[in-house]
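Tertiary structure, described
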Amino acid sequence: MKKIMMTFVMVLGMMAIVGSNAVEAKTKTTFKNGTVKITGSGTFKSKKYKGNKKVKKVVVGNEVTVLGDEVFEKCKNLKKVTLGKKVTDIKVAAFCECKKLSVVKFDKKLKNIEMSAFWGCKRLKNVKLNNGLKTIGEMAFYGTDLRKVNIPNTVKLIEDGAFCKCPNLKEIKTPGNLKTIKLTEDGKWRIADKVKKTTFKTSINVDILKFFDTEKYVVSKKDKKYVSIDGAVYQKKDFLLVAAPNVKEFTVCNKATSLNLYYIYNPRYFGDDFYFCTNSALEKLVIPKSVTKIYYKAPKWNLWDEGFFPKIMPQVIIENENIDDTSKNAFEKWYKEMEASMKAYQE
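First, a word on what this report is: a plain description of the structure on this page. (Residues numbered from 1 in each chain as written. Predicted model: local features only at pLDDT ≥ 70, side-chain atom pairs only at ≥ 80, totals over all residues. Heavy atoms only, no water.)

**Here we look at the overall build of the protein**
Helix and strand content of the protein: three helices and 28 strands. Across the 347 residues that make up the protein, the buried fraction comes to 48%. Taking the intrachain contacts of the protein between residues at least 6 apart in sequence as the baseline, contacts between residues at least 24 apart amount to 42%. On the protein, roughly 18300 Å² of surface is accessible, and the fraction owed to carbon and sulfur atoms is 51%. (Helix = DSSP H or I, 4+ residues; strand = E, 2+ residues; numbered from the N terminus. Buried < 20%, exposed > 50% of the residue type's maximum accessible area, 1.4 Å probe, protein only. Contact = heavy atoms within 4.5 Å. Areas by Shrake-Rupley, 256 points an atom, 1.4 Å probe, with all protein chains shown as cover.)

Now the structure itself:
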């Protein structure tokens, strides 16, 4: 019995040594003619190249799994990054403010792009995000020059400000079943802003619509609950509006028989009794004759007593002259509350 126990202890000891060696696996680098080559295995976390103006290219070896926080931050002349086949994570600010970075090649094992990973990479026009990617962190591509983004269906979470301040971003294709993002003090309270077109490739979680500042929503034809008409999103069963696009003039579809005024602006709370409204460009709202009931109901917060602030007050045309007094009163209260809040905020 003692021999068996001794043998068992020896095996455990050998396993511990092997495990220890695995944990201690290290990376190393070479730097020649402006190119950093990372070899070895495991996590690369050295910051010795941070802010190095001579770095022009980064090549990550096939056994490297993680690029650590700020490892190439502010390498102002870095132009190209090629990731190895086993990289799963790009950590916080790994390539932040690499202002000449224009080419990044992601591999299929990448799972997570963390906060500010490519923040301020002003020449980054195109990225091909890989299937298998799961999360895109807060302000990950903030301030880049992206033109179109195709987010794979494997992504389940896009965090606050991920694609904000991208002035040339015209179109986002994204899964619609994303988790609702967590609002942060330093974030921009949306996933993207001023995008021409946002296309959902799967059925949508309606709660995430307010985090896309877009001129046109396009819902998947396979979505069983929702449909897009003239850039807005409605419930299929009753054509109740659930998201209006950010446009100067918006007409509710003439299939709708009721209208919840909350969704004209789709405001969201982010602390200290302050609200941000999605449709800040609206100058004219047309409510068609088909609408016989107008009301205001906020899904989570009572906004009657709290302010949210459109930039201007829109002209509103209610085509149904026979709308009931309850609807008229709801509309008038909604309009007056917004107008008062906006004036108070501007003062």
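**Points about the packing of aromatic side chains**
Taken as a whole, this structure holds 17 aromatic pairs when the rule is applied. Measuring from centroid to centroid gives 5.6 Å for F31 and Y49, while their planes differ by 75 degrees, and the two rings are edge-to-face. With a gap of 18 residues between them, F31 in strand β1 (residues 27-32) and Y49 in the loop between β3 (42-44) and β4 (57-60) connect regions that are remote in the sequence. For Y49, a relative accessible area of 6% corresponds to the buried category. Look at F200 and F212: their rings are 5.6 Å apart centre to centre, the planes differ by 85 degrees, and that puts the pair in the edge-to-face class. Taken together, the residues F200 in strand β15 (residues 197-200) and F212 in strand β16 (residues 212-214) connect sequence positions 12 residues apart. Here a set of aromatic residues connected by ring pairs shows up, and it is made of F31, F44, Y49, F72, F95, F106, F118, F141 and F163. (Phe/Tyr/Trp six-rings, centres within 6.5 Å; stacked < 30°, edge-to-face > 60°.)

**Observations concerning the sheet that holds strand β19 (residues 232-235)**
Ordered by their spatial adjacency, three strands build an open sheet running β18-β19-β20, and the pairing between neighbours is antiparallel. Whereas interior strands pair on both sides, the edge strands pair on one side only; in this sheet they are β18 (226-229) and β20 (241-243). On average, each strand axis in the sheet is inclined to that of its neighbour by 40 degrees, with strand direction left out of account. Sheet topology note: the β18/β19 ladder contains four bridges and is antiparallel. Across the sheet, the residue bridging to V227 is Y234, located in β19. (Pairing = 2+ DSSP bridges. Axes fitted to C-alpha atoms, helices over the stretch in contact; angles between N-to-C directions.)

**Describing the nonpolar core**
One finds F72, F95, F106, F118, F141 and F163 to be the most contacted residues of the largest nonpolar core, which totals 63 residues. Contributing elements (two or more residues each) for this core: β2 (35-40), β4, β5 (64-67), β12 (157-158), β14 (192-195) and β20. Excluding residues that lie within four positions of it along the chain, F72 makes contacts with V36, I38, F44, Y49, V58, L78, A94, F95 and C98. Core analysis: the second largest hydrophobic core is formed by 29 residues, C253, A256, Y265 and F331 among them. (Core = buried A, V, L, I, M, F, W, Y, C linked by side-chain atoms within 4.5 Å.)

**Here we look at the environment of N246**
Turning to its location among the elements, N246 is positioned in the loop between β20 and β21 (249-251). The spacing of N246 and E215 is 31 residues in sequence and 4.8 Å in space, taken between C-alpha atoms. A polar side-chain atom of N246 sits 2.5 Å from a polar atom in the side chain of D213. (Polar contact = N/O pair within 3.5 Å; in protein donor to acceptor, adjacent residues only side chain to side chain.)

**Focus: unusual backbone geometry**
It is generally the case that most residues other than glycine have a negative phi and that most peptide bonds are trans. The phi dihedral of N33 is positive, around 50 degrees, even though this residue is not glycine. As for its placement among the helices and strands, N33 is situated in the loop between β1 and β2. A residue is classified by how much of its surface remains accessible, and N33, at 74% relative accessible area, is exposed. For M139, which is not glycine, the phi dihedral falls at a positive 55 degrees. Mapping M139 onto the fold places it in the loop between β10 (135-136) and β11 (148-150).

**Considerations on the side chain of S258**
Along the polypeptide, S258 turns up in strand β22 (residues 258-260). Beyond its immediate chain neighbours, meaning those up to four positions away, S258 contacts L240, V291, K293 and Y295.

**Some points on the pattern of salt bridges**
A complete count under the given rule lists nine salt bridges for this structure. Across the pair K86 and E63 runs a salt bridge whose closest N-O atoms are separated by 3.0 Å. Placement of K86 in the loop between β6 (80-82) and β7 (89-90) and of E63 in the loop between β4 and β5 is noted, with a sequence separation of 23 residues between them. A relative accessible area of 39% places K86 in the partly exposed class. Of the charged contacts, one joins E215 and K196 as a salt bridge, the two residues approaching to 3.6 Å between their closest N and O atoms. Here E215 is found in the loop between β16 and β17 (217-218), whereas its partner K196 is found in the loop between β14 and β15, with 19 residues between them in sequence. The partly exposed category is assigned to E215, whose relative accessible area is 35%. Residue class for K196 comes out partly exposed when judged on its relative accessible area of 42%. (Salt bridge = Lys/Arg side-chain N within 4 Å of Asp/Glu carboxyl O.)

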